Amino acid sequence: MKHTIQQVFRSGKFLVGFSIFVPILLIVIVYPLIITYPPLEIISQGTFFPPGIYVNVYDSMGSTQYTLKLDNAAANRIASKLSNDDRLAMKDWLVAAGIPENEIDITNTQALLDQWEKNYDPTQKIAGMTNAQRNYYIRLNNSLKGLLSTEGASIAVKNAETGALEETGVVAQSDYVNINQVPNVRVLPLGTNSFGRDVLTELVKATGVSLQIGFVAGIVATLIGLTLGLLGGYVGGLADDTTMFATNLFTVIPTIVLLILISYSIGQEKRGAFTIAVVIGLTSWVWTARAVRAQVISLRNRDHVNLSKLSGHSIVHIILTDILPYIASYVVMAFILQISTAILAEAALSILGLGPKTTEVPTLGLMLNWAFIYQAPILGKWWAYLPVIVTIVLITFSMNLMNTGLDQVFNPALRD
Amino acid sequence: MIIITGGAALKGYLKYFLNKLLWFLVTFVFAFILNFTLPRLMPGDPVRAIVSRLAQGLSDATGVQAIYEQYTELFGTNKPIIEQFFIYVRNVVRGDFGFSFSMYPRTVADVLKSAIWWTLALQFPAIIVGWLIGNTLGALAAYLKGGFDKVLMPVSIFISNFPVFGMAVIMLVIFGVVLEWFPTSGGYGFDMIPNSSWAFIWSVIVHYQLPFWSIVLIAIGGQAIGMRSMSIYELNADYVKYARFMGIKDRKIVGYVFRNAVLPQITGLALAIGTMVGGALFAEIIFSYPGLGYTLYNGVMGGDYPLISAVTLIITVMVLSANFIIEILYGIIDPRIKAAQAD
Amino acid sequence: MRKSILFLNLLVVLGLVAACGPAPTPEVVEKVVKETVVVEKEVVVTKEVEKVVEVTVEVPAEAPTAAYPRNETLYSNGQQWGPLVGWNPYSTANNNAMAIANDQDSARVIMFETPYLYNMLDGKVYPLLADGDYTWNDDRTEITFKIKEAAKWSDGTPVTAEDVAYTWASHVKYNTSIGVGYKDYIENIEAVDAQTVVVKAKLDENGKAVNPLMVAAYVAKCYVIQKAWTETLEERTGGDATEFVADTAEDVVYSGPYHGFFWDDTKVVYIRDDNYWGQDASMWGKLPVPKYLAHTIFKDNAAGSVALAKGEVDVSQQFNSNIQLLWESYGLPISTYLPEPPYGIGASLPTAFYNLNSHGLDQVAVRKAIAIAVDYPTIIANAMTNQSATFEQVPRSLMNPTPGEQEMYDHDAVADLQWAGNDIEGANALLDDAGIVDTDGDGWREYNGQKLSYVATCPNGWSDWQAAIEVVAAAGKEIGIEITTNYPEWSVYQTVVTKSDAPLPEEGYDIFMMWSQGAGPTMPWQRIRCMLSSEFVGMAGNWSGNWGQYSNPDVDALIQAIPGETDPDKLKEMYTELVRIYLTDIPSFTLMYRPQSFHAVNETVWTGFPHEGDGTDPPVPPLNCTDGWSIACLYNITLVNP
C-alpha cells in the first residue's frame with residue numbers, strides 16, 4: 001500500500017494533475033475564510049462591470065490630496081477622450097461640412113478643436129449619414145467640452161435651505177490620492193456578471209458547489225457501478241444477465257437525453273444541487289459497472305479466491321477481502337473520472353436551463369448559463385464566461401491527468 | 001486469412017448471430033417502452049397548454065372545456081396508458097408519430113424530417129473524421145514514441161476534456177466574432193433559400209465548419225488517447241515480440257497490431273453514435289444550427305411528448321442498430337469470437 | 001437456446017398484440033383528425049392581375065431558386081420564434097409573427113390590413129383601408145366610416161364594406177377570440193353601401209353604448225378579411241368552428257403589400273406584391289421600399305444579437321441587453337429610438353402580482369412593505385440594462401411613461417402615496433407598526449404565529465424577468481420576510497396563473513410576474529381594467545389580467561363608468577381616484593417600464609429608420625416598421641449605398 005502510494009507520487013502525470021487540482025481545492029476552501037463577502041450578493045447596479053480596482057469617488061474627494069507634477073498627464077487626458085479614430089472622424093465631418101481639407105490638421109489638437117467648436121452643428125444634415133453616425137458625433141462633441149482647459153473642477157454642495165450650490169472645495173488637475181488612504185476601495189479581479197455579483201467570489205463558491213456535486217454524483221455512480229459489477233461478475237447467472245441487460249439499456253439511451261428528461265420531470269422546485277448530483281449519479285454508472293465486471297470475472301477463478309471458497313467463507317467475505325482489494329485501483333480511477341464527468345454533466349444541464357435553482361447556490365454551469373443569456377460572448381465580456389470555462393477545463397484536465405498517472409502505475413505496460 | 005472449417009464454424013457463427021439478434025430485439029422492446037413512458041411522466045398537461053393558447057380570450061368556461069375535450073380526444077390523452085401505448089405502437093409501425101403538441105398542427109414526422117438530415121450530416125462525418133484522425137494519431141504516437149508521443153498525450157488529454165459548449169463558445173468568439181473568418185449562425189447563408197446552386201452548397205459548407213470542428217477536435221483527442229493505450233498494449237504483446245525475433249518485417253507486424261488494437265475502438269464508434277445527439281445539442285444551440293438536438297430540447301421545454309418519444313426512439317434505433325451491426329462486424333473480423341463460439 | 005426461443009416467441013406475441021390493439025371509433029377519427037396539411041416549402045405563385053387599373057405591373061411567377069439580394073431585403077429578428085404554422089387570420093395559433101398578429105393595439109399590417117392605424121406616439125388613428133376619419137353619431141352609439149375606393153385585394157377585387165361586415169359575422173359565428181372579445185360591445189357591423197360601414201355598439205338598458213372605447217378600438221385593431229375567401233374556407237371546413245380556425249389557409253387572400261414567399265425551419269421570407277393598392281395617391285403614393293421582408297429564426301436571444309451585431313439583421317425586436325455597448329464600445333452602426341437611456345419609449349408595465357390568498361398577503365402592511373423595499377434602480381440597471389425609465393423619472397401609477405397617458409391623472413394628488421424603492425427603513429417601520437414582528441427570534445417575522453415565507457416566480461428562460469425577480473427576493477431578507485425564487489417552465493406557469501376560476505395554489509405563486517397592456521387606442525382604461533377588474537375572476541382561461549384575483553367594487557364601478565364619460569376633467573378625476581386606490585391597496589406593483597416592442601436598428605444596409613427628432617409628421621413610432629403607424633417606416637427607408 002505504502003509502496004503503491006510512493007509509486008503514484010513519482011508518476012509525472014499524476015503529479016502534474018495533482019498539482020493543478022490541489023491548489024484549486026485549497027482556493028475553494030481558504031478563499032471564503034479570508035474574503036467573507038457573500039457570493040450571491042448583488043453589488044453592482046449595472047451589469048458586467050469590467051475587472052479592475054473600484055475606488056469610491058466621493059471618498060477620494062475627501063481624502064488627503066497630493067500634488068504630483070507629471071509631464072504626460074495632460075497628453076493622457078486628451079488621448080483618452082480623443083483617439084486617432086475620433087480625429088479622423090472629426091476631419092470627415094468637417095470636410096463634409098465644407099471646410100477645405102488642406103486646412104485641417106488632425107495632429108494639432110488645439111486648432112482642430114477650435115475648428116470643431118466653430119463649425120459643428122448637430123442639426124446639420126450631411127448626406128448619407130446614418131442615424132448611428134449622427135449620434136456618435138453628438139456623443140463626441142459632448143465629451144470634448146473643456147478638454148483643453150487647465151483649470152480644475154469645483155466641488156459644490158446644495159444648501160439645504162436655499163437650494164443653491166455652494167462651493168466646498170476645488171480639485172486641481174494635478175491632485176492625486178493614494179488608494180490605500182481611500183476608505184472604500186473594492187478590488188474586482190473578474191468584474192461583475194449579469195446579476196451584478198462579484199464574479200471571482202461567486203466563481204470560487206460555484207467551484208466548491210460543483211466539486212461537491214461531482215463528488216456526490218461520483219460516489220453514487222461508483223457505488224451503483226461497483227455493486228452491480230460485483231454482483232454480475234461474481235455471482236454470474238441470472239444476476240449477471242440482468243445487470244448486463246440493464247447496462248446495455250443505459251448505454252443505448254444517451255445519458256444527456258435521460259438527464260434532460262429526468263431533470264425536467266423533477267421540476268424546478270425540487271431541483272436542488274444535491275438532487276441534481278444524485279440524478280447525475282444515477283445515470284452515469286455504466287462504465288464503472290462494465291469495468292468492474294470484467295475485472296471480477298477474470299478474478300473469480302484465481303487461486304486465492306478458490307481457496308477462500310474451499311475454506312467456506314461467505315460470499316460477502318470473499319468479495320470484501322479477496323476481490324475488492326484487487327479492483328481497488330480500477331474503482332479509484334473510475335471514481336475520479338466520474339467526478340469530472342459529473343461536473344461536465346451539471347454544467348451541461350445548467351446551460352440548458354435544467355440545473356439547480358439560481359438563488360440558492362451558484363454552480364459553474366449556472367454562471368455560464370446566465371453569461372450566455374445576457375450575451376456576454378458577443379459583448380466582449382470575457383470575464384463572465386472565460387474564467388468559468390477555464391476552471392471547468394482545469395478541473396477535468398487535472399483529474400484526467402491524475403487518472404492517467406494512476407493508470408500507468410497500475411499498468412506498467414503503459415509507462416513511457 | 002481466416003479459414004472457415006466447414007459446418008462447425010458456421011454453426012458457431014450462427015449461434016453468435018442469433019444471440020446478438022435476441023439481445024437487440026429484447027433491448028429494443030424495453031427501450032421502446034421506456035421511450036414511451038419517460039416523457040409522459042413529466043409534470044404539466046401539454047394539451048391544456050395548447051388549448052390555453054388556442055382559446056385565448058374565451059371567457060366562458062364551458063367553451064374552453066369543450067375545446068379541451070376535443071383535443072384530448074384527438075391526441076388520445078384521455079385514454080388509459082396501456083391503450084395509448086398500443087395505439088402508439090401501431091401508429092409508429094406505419095410511420096405516423098402523431099401531432100406535435102408544441103407545434104400543432106404540424107405532425108411530428110414533419111418536424112423531424114427537416115431536422116434529422118442536418119444532425120446526421122453534421123454528426124456522422126464529425127464522428128468518423130474524428131475517429132479516423134484520432135486513431136491514426138494515437139497509433140502513430142504509440143508506434144513512434146519519443147517526442148511526438150510526449151507532446152501528443154497531454155495535448156490530447158487537454159482537448160478531449162474540453163466540454164463541447166466550451167469549445168463551441170471559444171470557437172464562436174475567436175473565429176466568428178473576432179476574426180470573422182466564419183459565419184456565426186445558421187445552416188446556410190441567411191440570405192439564401194435551399195436550392196442546388198453552387199453558391200448554396202458553398203454556403204452550407206462554410207456554415208458547417210465551426211460546428212463541425214468544435215465537435216471533431218474533442219473527438220480526436222478522445223480517440224487518440226484510447227487508440228494509444230490499446231496500441232501500447234498490443235505492441236508489448238508476446239506475439240509481437242516473437243514475430244520481431246523471428247525477423248518478420250516491422251510493417252507487417254504493425255498491420256497485425258493495429259488490426260487488433262482497432263477492435264475495441266470500433267465498439268467505441270458505436271457508442272459515439274449514441275452520444276451523437278447530445279454532442280450535437282450544444283453545437284446546435286450555440287451556432288443556431290438546425291438539427292435534432294435542438295428539436296429535442298424544444299420538445300422537452302414544451303412538454304411535447306410525441307416529439308420527445310419520436311426523437312428518443314430514433315436515437316435508440318440508431319444506437320442499437322449501430323451496436324448490432326458493429327457486433328456482427330466484430331464477429332466477422334475477430335477470429336477469437338468464432339473460436340469461442342465453436343466450442 | 002430454449003430460453004432464447006421462448007424470448008423470441010414472447011416478442012412475436014407482443015408484436016401481434018400491439019398490432020391488434022383496440023381501434024379508435026372511426027367517427028371520432030374522421031371528424032377530429034383533419035387532413036394533415038403538411039406545410040410545403042413552395043412559393044405562393046401570384047396570379048396574373050386582372051387589368052382593372054390603368055397601370056398594370058407584370059407580376060412574374062416567383063420561384064425560390066436564387067438568393068434574394070441583400071439590398072432589396074429588410075431583415076428582422078425577435079418576432080418569429082420557431083417555425084411558421086399557418087396563414088389563417090381567424091386563428092391565434094399561426095405562429096406567423098410578421099404577418100398575423102390578431103387584435104393588437106398597433107396592428108401588424110404587412111399582409112392583412114385594418115381600417116385604421118394607431119400611432120402610439122401621438123395617440124391618434126390614421127386611415128389605412130378607411131377613407132378619412134370615422135364619425136360617431138350623436139348618441140355615440142354608432143361609428144360610420146368609408147372604405148377607400150382604391151383599396152383592393154390580392155386577387156384584384158376591390159375591398160368593400162361587405163368584407164368588413166362579413167368578417168365580423170364570421171368572428172361571431174365561429175367563436176374566434178376576436179368574436180368572443182368584442183361581442184359584448186359590438187352589436188353588429190353593417191354595410192350600408194359598397195363603401196360605407198356602420199359599426200353598431202351594444203346598448204345597455206339606458207340605450208347608451210356599453211363601451212364605446214372598445215367599439216372604436218375594433219376599427220383600429222382587427223383585420224378586414226375578404227368575404228369571398230371566407231366563404232371558401234367555410235365550405236372547405238363544413239361549418240365546423242374548430243376546423244375553421246385550425247385551417248392553415250395557405251390560399252388566403254390579403255390586401256397588404258407583402259405575402260409569403262418562402263418559409264422553413266430556419267427562416268421566413270415575405271415578398272412585396274407590386275400590385276399593392278397602397279401605391280395609389282390616396283394612400284402612400286408609392287410602394288414600400290424593400291422588396292423582401294425576411295426573418296431568420298434564431299434559437300435564442302443571444303444568437304439574434306450576434307446577427308444584429310454582424311449586420312445580418314436590420315431591425316431587432318429582441319431584448320438586446322446592454323445594447324448601448326454595441327455602438328459605444330464597438331462603433332457599430334446600431335441605434336435605438338432614443339440615443340440615451342431608456343433607449344425606447346416605455347409603454348407597458350410588467351407587474352408583480354400578489355396572490356391575495358397567501359398567508360399574510362391579505363395584509364396591506366405586508367404587501368406595501370415588500371413593494372417599497374424592492375431595489376428598483378437595480379432592477380432597471382441590471383435586469384433591463386437601463387432600457388427602462390426609472391421610477392424617479394416617471395413616478396409609479398397605472399399609466400405608462402408616454403406624455404399622453406401621464407397627463408391623464410393628477411400627479412400631485414397621489415404624490416405622497418408613490419415610492420421609489422429601497423426604503424428598507426420605511427418597510428420595517430410599516431411592519432413593526434402593524435404588529436408583524438419576529439416573535440421567536442429566527443430572523444423572520446411572523447403573522448398570527450406563522451412565519452412569513454413566500455415564493456417569487458416567473459417563467460423559466462425569460463431572463464430579464466428572472467433577474468428582476470431575483471432582486472425582489474433579495475429585498476425580503478432586508479425586512480425579515482423570507483422570499484425564495486422558483487422558475488417553472490412557461491407551459492406549466494401559464495396553466496396555473498390563467499386558471500382564475502379557482503384560487504391560486506397555496507405554494508409557489510405568492511408573488512408572480514405577468515405583463516400588462518401596452519399603448520393603444522383604449523389605454524389607459526383597458527390596462528387598468530385588465531389589472532384590477534374583478535370581471536376576470538372566475539374565468540377558466542383568463543389571459544386578460546387580474547391574475548391575483550383582486551376584487552374591489554369601487555374600482556369596478558369606475559372601470560364601468562369611464563368608457564361612457566366624455567368630460568376630460570371628470571375623466572382625470574376618475575383616473576386619479578383609480579391610481580389612488582391602486583397605490584393604497586397594492587394588489588400588485590410595477591417592476592419596470594417596458595417598451596411596446598424593443599426596436600434597435602443596424603444601419604449597414606438601410607437607413608432612414610424612425611428616431612427621436614427625425615422630423616416625420618405624423619411621427620413614426622419605433623415599432624419595427626410593421627405595427628400601426630410604424631409601417632410608414634417601410635416607405636421612408638433608403639439604402640445607405642444605393
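Note that the structure is a prediction, hence the values are computed from the model and not measured.

Visitor: Please explain the overall build of chain B as it appears in this structure.
Guide: On a plain count of helices and strands, chain B comes out with 14 helices and 0 strands. Here the contacts in chain B between residues at least 6 apart in sequence split such that 73% fall between residues at least 24 apart. In the form shown here, chain B has an accessible surface area of approximately 15000 Å², with 71% of it arising from carbon and sulfur atoms.

Visitor: Even after reading the chapter, I still don't get the overall build of chain A, so can you show me in this structure?
Guide: Secondary structure summary: chain A contains 17 helices and 6 strands in total. Relative to the compact-globule value of 22 Å for 416 residues, chain A shows a C-alpha radius of gyration of 32 Å, a clear excess of over 25%. Dimensions along the principal axes, computed over C-alpha positions, put chain A at roughly 105 × 55 × 50 Å. Going through the 416 residues of chain A one by one, you find that 47% of them count as buried. Counting only contacts in chain A whose residues sit at least 6 apart along the sequence, the fraction spanning at least 24 positions is 72%. Surface exposure of chain A reaches about 20000 Å², of which carbon and sulfur atoms provide 61%. One finds the centroid of the 27 positive side-chain charges in chain A at a distance of 11 Å from the centroid of its 28 negative side-chain charges.

Visitor: So what exactly am I meant to see when it comes to helix 10 (residues 255–266) of chain A here?
Guide: With 12 residues, helix 10 of chain A ought to run about 16 Å at 1.5 Å a step, and its terminal C-alpha atoms sit 16 Å apart, in line with that. Here helix 10 of chain A has its buried residues at I256, V257, L258, L259, I260, L261, S263 and Y264 of chain A.

Visitor: I keep staring at the state of the cysteines and nothing clicks. Help me out?
Guide: By definition, a disulfide links the sulfur atoms of two cysteines through a covalent bond. All names here are of chain C. The full count for this structure, using the stated rule, is 1 disulfide over all chains. A sulfur-sulfur distance of 2.2 Å marks the disulfide that ties C625 to C633. Between C625 and C633, the S-S dihedral sits near 50°, and the bridge is therefore right-handed. On the basis of relative accessible area, C625 is assigned to the buried category, the value being 0%.

Visitor: In this structure, what is going on with the nonpolar core? I would like to understand it.
Guide: The nonpolar side chains of a soluble globular protein tend to be buried, and buried together. If you look at the biggest cluster of nonpolar residues, it comprises 255 residues, and the most contacted ones within it are Y270, I379, F589 and L591 of chain C. In this structure, L94, W116, I126 and L144 of chain A belong to the second largest nonpolar core, which totals 18 residues.

Visitor: I tried to follow unusual backbone geometry on my own but got confused; where do I start?
Guide: Most peptide bonds take the trans configuration, and most residues that are not glycine carry a negative phi. Residue and element names in this part refer to chain C. For the bond running from P341 to P342, omega is 5°, close enough to zero to count as cis. Residue position: P342 is located in the loop between strand 12 (334–336) and strand 13 (346–348). P524 follows M523 through a cis peptide bond whose omega is -5°. Along the chain, P524 turns up in the loop between strand 19 (511–514) and helix 17 (525–532). Despite not being glycine, N448 shows a phi value in the positive range, around 50°. With respect to the secondary-structure elements, N448 resides in the loop between strand 15 (446–447) and strand 16 (450–451). Positive phi, close to 65°, is recorded for Q549, a residue that is not glycine. Turning to its location among the elements, Q549 is positioned in the loop between helix 17 and helix 18 (553–561). For Q549, a relative accessible area of 18% gives the class buried.

Visitor: When you look at helix 19 (residues 568–585) of chain C in this model, what are you seeing that I'm missing?
Guide: One turn of an α-helix holds 3.6 residues; hence residues three or four places apart share an orientation. Residues and elements named next belong to chain C. For helix 19, which comprises 18 residues, the first-to-last C-alpha distance of 26 Å matches the rise-based estimate of 26 Å (1.5 Å per residue) to within 8%. What helix 19 keeps buried is the set L571, M574, Y575, T576, L578, V579, I581, Y582 and L583. Where helix 19 is buried, its residues meet strand 14 (351–354), helix 13 (411–414), helix 17, helix 18 and strand 20 (588–590). Two or three places before D569, at the start of helix 19, stands the capping residue D567, its side-chain oxygen 3.1 Å from that residue's backbone nitrogen. Following helix 19 by one or two positions, I586 has its phi on the positive side, about 50°.

Visitor: How do you make sense of the sheet that holds strand 5 (residues 142–147) of chain C when you look at a structure like this?
Guide: To summarise the sheet geometry, strands pair through backbone hydrogen bonds and adopt either a parallel or an antiparallel arrangement. Residue and element names in this part refer to chain C. One open sheet holds the 4 strands; their spatial order is 4-5-7-6, and the pairing between them is antiparallel. Edge positions in the open sheet fall to strand 4 (130–136) and strand 6 (186–191), since each of these has one partner strand only. On average, each strand axis in the sheet is inclined to that of its neighbour by 15°, with strand direction left out of account. Where helix 3 (residues 161–173) meets the sheet, its contacts fall on strand 5, strand 6 and strand 7 (196–201), and the angle it forms with strand 6 comes to roughly 150°. The strands that helix 5 (residues 212–221) touches are strand 4, strand 5, strand 6 and strand 7; relative to strand 4, the one it contacts most, it runs at about 175°.

Visitor: Sorry, what's going on with the sheet that holds strand 20 of chain C here?
Guide: All names here are of chain C. Read from one edge to the other, the open sheet built from 5 strands follows the order 18-17-19-14-20, with strand pairing classed as mixed. Strands with a single pairing partner mark the edges of an open sheet, and in this sheet they are strand 18 (482–486) and strand 20. The sheet shows a mean angle of 25° between the axes of neighbouring strands, taken without regard to direction. Inspection of the sheet shows strand 14 paired to strand 19 by 4 bridges, in the antiparallel sense. Residue pairing for strand 19: A352 is matched across the bridge by M513. The sheet strands contacting helix 10 (residues 364–373) are strand 14, strand 17 (453–457), strand 18, strand 19 and strand 20, and the helix crosses strand 14 at an angle near 155°. Lying over the sheet, helix 15 (residues 463–479) contacts strand 17, strand 18 and strand 19, oriented at roughly 160° with respect to strand 18.

Visitor: Just checking my understanding: could you explain the interface of chain A and chain C for this structure?
Guide: Often, the extent of an interface is quoted as the loss of accessible area on bringing the components together. Between chain A and chain C, the residue contacts involve 34 residues of the former and 45 residues of the latter. Taken over both partners, the interface formed by chain A and chain C buries close to 3000 Å², and the fraction arising from carbon and sulfur atoms is 52%. Summed over the shared surface of chain A and chain C, the number is 1 salt bridge. We note a salt bridge from R197 of chain A to E470 of chain C, for which the minimum N-O separation is 3.7 Å. Counting across the interface, chain A meets chain C through 10 residue pairs in polar contact (both at pLDDT 80 or more). Broken down by secondary-structure element, the contributors of at least two residues to the side of chain A that touches chain C are helix 7 (131–143), helix 15 (364–373) and helix 16 (376–379) of chain A. Considering each element in turn, the side of chain A that touches chain C owes the most residues, 5 residues, to helix 7 of chain A.

Visitor: Please clarify how the packing of helix 6 (residues 146–160) of chain B against helix 8 (residues 198–235) of chain B should be interpreted in this entry.
Guide: Axes are the key here: two packed helices are described by the angle between their axes and the distance separating the axes. Residues and elements named next belong to chain B. Axis separation between helix 6 and helix 8 bottoms out at 8 Å; the angle between their running directions is 130°. Classified by the angle their axes make, helix 6 and helix 8 are oblique. As helix 6 packs across helix 8, the resulting crossing turns out to be left-handed. The residues of helix 8 that touch helix 6, namely those facing D149, M153, S156, I157, I159 and S160, are L217, I218, G221, G222, A224, I225 and R228. Per-class residue counts for the contact of helix 6 with helix 8 are 7 nonpolar, 4 polar and 2 charged.

Visitor: Would you mind showing me how to read the confidence of the model for chain B here?
Guide: Low pLDDT marks stretches whose predicted atomic positions should not be read closely. Of the residues in chain B, 82% have a pLDDT of 70 or more, and the chain-wide mean is 76. Quick note on the complex model: pTM equals 0.78, ipTM equals 0.73.

Visitor: Help me out: how do you make sense of the side chain of D273 of chain C in this one?
Guide: Residue and element names in this part refer to chain C. If you trace the backbone, D273 turns up in the loop between strand 9 (267–272) and strand 10 (292–296). Buried charged residue D273 carries no salt bridge. Nearest counter-charge: R272, at 7.9 Å. Here the side chain of D273 touches N275 through a polar contact of 2.9 Å, landing on its backbone nitrogen. When sequence neighbours within four positions are dropped, the list of residues in contact with D273 reads S154, Y254, P257, H259 and L287.

Visitor: Just checking my understanding: could you explain the packing of aromatic side chains for this structure?
Guide: What characterises a pair of aromatic rings is the spacing of the ring centres plus the angle enclosed by the ring planes. All told, the structure shown has 46 aromatic pairs over all chains when counted by the stated rule. Their ring planes at 80° and their centres at 5.2 Å tell us that F212 of chain B and W213 of chain B sit as a pair that is edge-to-face. Every member of this aromatic cluster is reached through a ring pair, and the members are F24, F28, F32, F85, F86 and Y88 of chain B. When the ring centre of W136 of chain C is taken as reference, the NZ or CZ atom of R140 of chain C above it lies at 5.0 Å. The ring of Y376 of chain C carries R396 of chain C above its face, with NZ or CZ at 4.5 Å from the centroid.

Visitor: Help me understand a nonpolar patch on the surface, please; the structure alone is not making it clear to me.
Guide: Residues L25, L26, I29, V30, L33 and I34 of chain A make up a contiguous nonpolar surface patch of about 590 Å² in total accessible area. Assignment of secondary structure puts L33 of chain A in helix 2 (residues 12–34).

Visitor: Looking at this structure, how should I read the environment of N137 of chain C?
Guide: All names here are of chain C. Turning to its location among the elements, N137 is positioned in the loop between strand 4 and strand 5. For N137, a relative accessible area of 25% gives the class partly exposed. A polar side-chain atom of N137 sits 2.7 Å from the main-chain amide nitrogen of T141.

Rules behind the numbers
- Residues numbered from 1 in each chain as written.
- Chains lettered and ligands numbered in written order.
- Predicted model: local features only at pLDDT ≥ 70, side-chain atom pairs only at ≥ 80, totals over all residues.
- Heavy atoms only, no water.
- Helix = DSSP H or I, 4+ residues; strand = E, 2+ residues; numbered from the N terminus.
- Contact = heavy atoms within 4.5 Å.
- Areas by Shrake-Rupley, 256 points an atom, 1.4 Å probe, with all protein chains shown as cover.
- Rg over C-alpha atoms; globule rule 2.2 N^0.38 Å.
- Buried < 20%, exposed > 50% of the residue type's maximum accessible area, 1.4 Å probe, protein only.
- Lys, Arg positive; Asp, Glu negative; His and termini not counted.
- Charge placed at Lys NZ, Arg CZ, Asp CG, Glu CD.
- Expected span 1.5 Å × (residues − 1).
- Disulfide = S-S within 2.5 Å.
- Core = buried A, V, L, I, M, F, W, Y, C linked by side-chain atoms within 4.5 Å.
- Polar contact = N/O pair within 3.5 Å; in protein donor to acceptor, adjacent residues only side chain to side chain.
- Pairing = 2+ DSSP bridges.
- Axes fitted to C-alpha atoms, helices over the stretch in contact; angles between N-to-C directions.
- Buried area = accessible area lost by both parts, 1.4 Å probe.
- Salt bridge = Lys/Arg side-chain N within 4 Å of Asp/Glu carboxyl O.
- Parallel < 35°, antiparallel > 145°, perpendicular 65-115°, else oblique.
- Left-handed = near helix turned anticlockwise from the far one by under 90°.
- Nonpolar A, V, L, I, M, F, W, Y, C, P; charged D, E, K, R; others polar.
- pLDDT = per-residue confidence, 0-100.
- Phe/Tyr/Trp six-rings, centres within 6.5 Å; stacked < 30°, edge-to-face > 60°.
- Lys NZ or Arg CZ within 6 Å of the ring centre and 35° of its normal.
- Patch = residues over 30% accessible without salt bridge, like charges linked within 9 Å, V, L, I, M, F, W, Y side chains within 5 Å.

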